[in-house]
Amino acid sequence: MSHVASQRLIAIDALRGLVMVLMLLDHVRETFYLHLQLADPIDVTSTAPLLFMNRTLAHLCAPVFVFLTGLSAALYHQKVQDRRQTAHFLFTRGLILILLEITLINVAWTFQFPPHVIYLQVIWAIGMSMLALSALIWLPARVIFTLGVVIVIGHNLLDPLHASAGSIGFIPWAVLHDRVWIDIGEAFRIRTSYPILPWIGVISLGYAAGALYRKDIFPLQRQRVLFTAAGIALALFFVLRSINLYGDKPWQQSELITQTLMSYFNTTKYPPSLLFLCLTLGVGLCLLALFERLQQKHCLVMLASFGAAPMFFYLLHLYILKGMYLTAVAIWGKNQGEWFGFSAVWQLWVCTLVLMVLLFWPVRAFARLKARRRDIRWLKYF
């Protein structure tokens, strides 16, 4: 691998690693702050600013990760130069991710087996988006980019559309754009937590961004385009958010400046609104360009270790968190009503930092194993 290529990959893995650490923080919150549930969008009148910030930082995770999945698919295609092989890889990995979501990941969240409820969350959305991309890559790159832009900008026009339970379009529309419960018989339910249509738009944009990573593109040229795209996305966010006409639920002014600011940045994730994606992808593109310029920094190299083995990290941290929660309940009991929970947000950050240190060594070891043993094919799916 050339030095320039390794720089690009360090920047991508470091950004992926950063959003995974933010995801870890959010999952620590979901594990040890169950007594303070957060709606979507967040109720800013009843949520402390620090907890709001905690959750809002985590909003970066899914959009950036899906975008980078599309970008990684483009880099894979540039490497193999075979559209059929790329489509096969995307299709196969998409199916594996969906299978992991409804088995190991769902059990990690619910600890129910056989499950009574299945939550179709971010790994499901990534898997379904990869299935879609495996078909889309046969289209010209400009068409894929245009389709991604149209979906991301236009999907909020579909918000008023709903299908009634029991109708022929209920399940397909729930999968595509409506976050609802699907009842299968009397004892089994499915929650479409991550409707997939907007995520197909995001992965398409990520794949189209692969053109910036061709060997004939100079790093400064690529970074300039990334910063420009980030500026456009953030400008679109601030313009549309300020006029309050399209792209999300309107924000409200309050007597408290903190609540006004929270309302302004309080965007919808399920499904991700246009403004949610403009803000998160705008920040993500800035970081991607910045990380490439700073890729020799030791902290970025450490983050890249997390980003080099994302699925291993994801599965490992879920089961460790569940084990920690059950252990805490066994030792201290349920100190927050029906749950055990921390009493302050800062404790979530301390717990996250401790887990980062503990997880770093096994994740780095697995990432090095992946890089060293390319003959073990299943490793590349983690």
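Values in this document were obtained by computation on a predicted structure and should not be read as measured data. (Residues numbered from 1 in each chain as written. Predicted model: local features only at pLDDT ≥ 70, side-chain atom pairs only at ≥ 80, totals over all residues. Heavy atoms only, no water.)

A.B. asks: Quick question: what am I supposed to make of the overall build of the chain here?
C.D. replies: When you go through the chain residue by residue, the secondary structure sums to 14 helices and three strands. The buried share among the 382 residues of the chain stands at 52%. Expressed as a percentage of contacts within the chain between residues at least 6 apart in sequence, the contacts between residues at least 24 apart total 75%. When the accessible area of the chain is evaluated, it comes to approximately 18,500 Å², of which 68% is carbon and sulfur surface. Both charge centroids of the chain, one from 31 positive and one from 17 negative side chains, sit 14 Å from each other. (Helix = DSSP H or I, 4+ residues; strand = E, 2+ residues; numbered from the N terminus. Buried < 20%, exposed > 50% of the residue type's maximum accessible area, 1.4 Å probe, protein only. Contact = heavy atoms within 4.5 Å. Areas by Shrake-Rupley, 256 points an atom, 1.4 Å probe, with all protein chains shown as cover. Lys, Arg positive; Asp, Glu negative; His and termini not counted. Charge placed at Lys NZ, Arg CZ, Asp CG, Glu CD.)

A.B. asks: Just to check I follow, could you spell out the nonpolar core for this structure?
C.D. replies: Taken as a class, soluble globular proteins show a tendency for nonpolar side chains to be buried jointly. One finds Val28 and Phe32 to be the most contacted residues of the largest nonpolar core, which totals 123 residues. For this core, the element with the highest residue contribution is helix H1 (residues 3-32), accounting for 13 residues. Once residues within four sequence positions are removed from consideration, Phe32 is found in contact with Leu321, Met324, Tyr325, Ala328, Phe340, Gly341, Phe342, Leu348 and Cys351. (Core = buried A, V, L, I, M, F, W, Y, C linked by side-chain atoms within 4.5 Å.)

A.B. asks: Even after reading the chapter, I still don't get the packing of helix H2 (residues 49-58) against helix H14 (residues 345-372), so can you show me in this structure?
C.D. replies: For the pair H2 and H14, the least separation of the axes is 9 Å and the interaxial angle reads 35°. Taking contact as the criterion, the partners of Leu50, Leu51, Met53, Asn54 and Leu57 in H2 are, on H14, Val345, Leu348 and Trp349. Classifying every residue of the contact of H2 with H14 by side-chain character gives seven nonpolar, one polar and no charged. (Axes fitted to C-alpha atoms, helices over the stretch in contact; angles between N-to-C directions. Nonpolar A, V, L, I, M, F, W, Y, C, P; charged D, E, K, R; others polar.)

A.B. asks: What's the story with the pairing of strand E2 (residues 181-184) in this structure? I'm lost.
C.D. replies: The side chains of a regular strand alternate, first on one face of the sheet and then on the other. When E2 meets strand E3 (residues 188-191), the two strands line up antiparallel, connected through four bridges. In the sheet register, Ile184 faces E3, and the bridge partner there is Phe188. Count of turn residues in the E2/E3 antiparallel hairpin: three residues, of which Gly185 carries a positive phi of about 75°. (Pairing = 2+ DSSP bridges.)

A.B. asks: For this particular structure, what's the right way to read the sheet that holds E2?
C.D. replies: As a general point, the strands of a sheet are linked pairwise by backbone hydrogen bonds and lie either parallel or antiparallel. Taking strand neighbours across the sheet as the criterion, the three strands line up as E1-E3-E2 in an open arrangement whose pairing is mixed. Two strands close off the open sheet at either side, each with one partner strand: strand E1 (117-119) and E2. The sheet shows a mean angle of 15° between the axes of neighbouring strands, direction not considered.

A.B. asks: Any chance you could explain the layout of surface pockets here in plain terms?
C.D. replies: A probe matching the size of a water molecule, rolled over the atoms, marks out where space remains unfilled. Estimates place the volume of the second largest pocket at around 590 Å³. In terms of lining, the second largest pocket is formed by 20 residues, of which the most central are Phe145, Val149, Leu205, Ala229 and Leu285. Among the elements of the structure, helix H6 (141-154), helix H8 (197-208), helix H9 (219-243) and helix H11 (274-293) are those that each provide at least two residues to the lining of the second largest pocket. The element contributing the most residues to the lining of the second largest pocket is H9, with six residues. (1 Å grid on protein atoms, 1.4 Å probe; cavity = no way out; pocket = protein on both sides within 12 Å on 5 of 7 lines; lining within 4 Å. Points joined across faces, edges and corners; volume = space filled by probe spheres on them.)

A.B. asks: Just checking my understanding: could you explain helix H5 (residues 122-136) for this structure?
C.D. replies: The α-helix winds at 3.6 residues per turn, so residues separated by three or four positions along the chain end up facing the same way. End to end, H5 covers 20 Å across 15 residues, agreeing with the expected 21 Å (1.5 Å per residue, within 8%). Counting buried residues along H5, 13 of its 15 residues qualify, which places the element largely inside the surrounding structure. (Expected span 1.5 Å × (residues − 1).)

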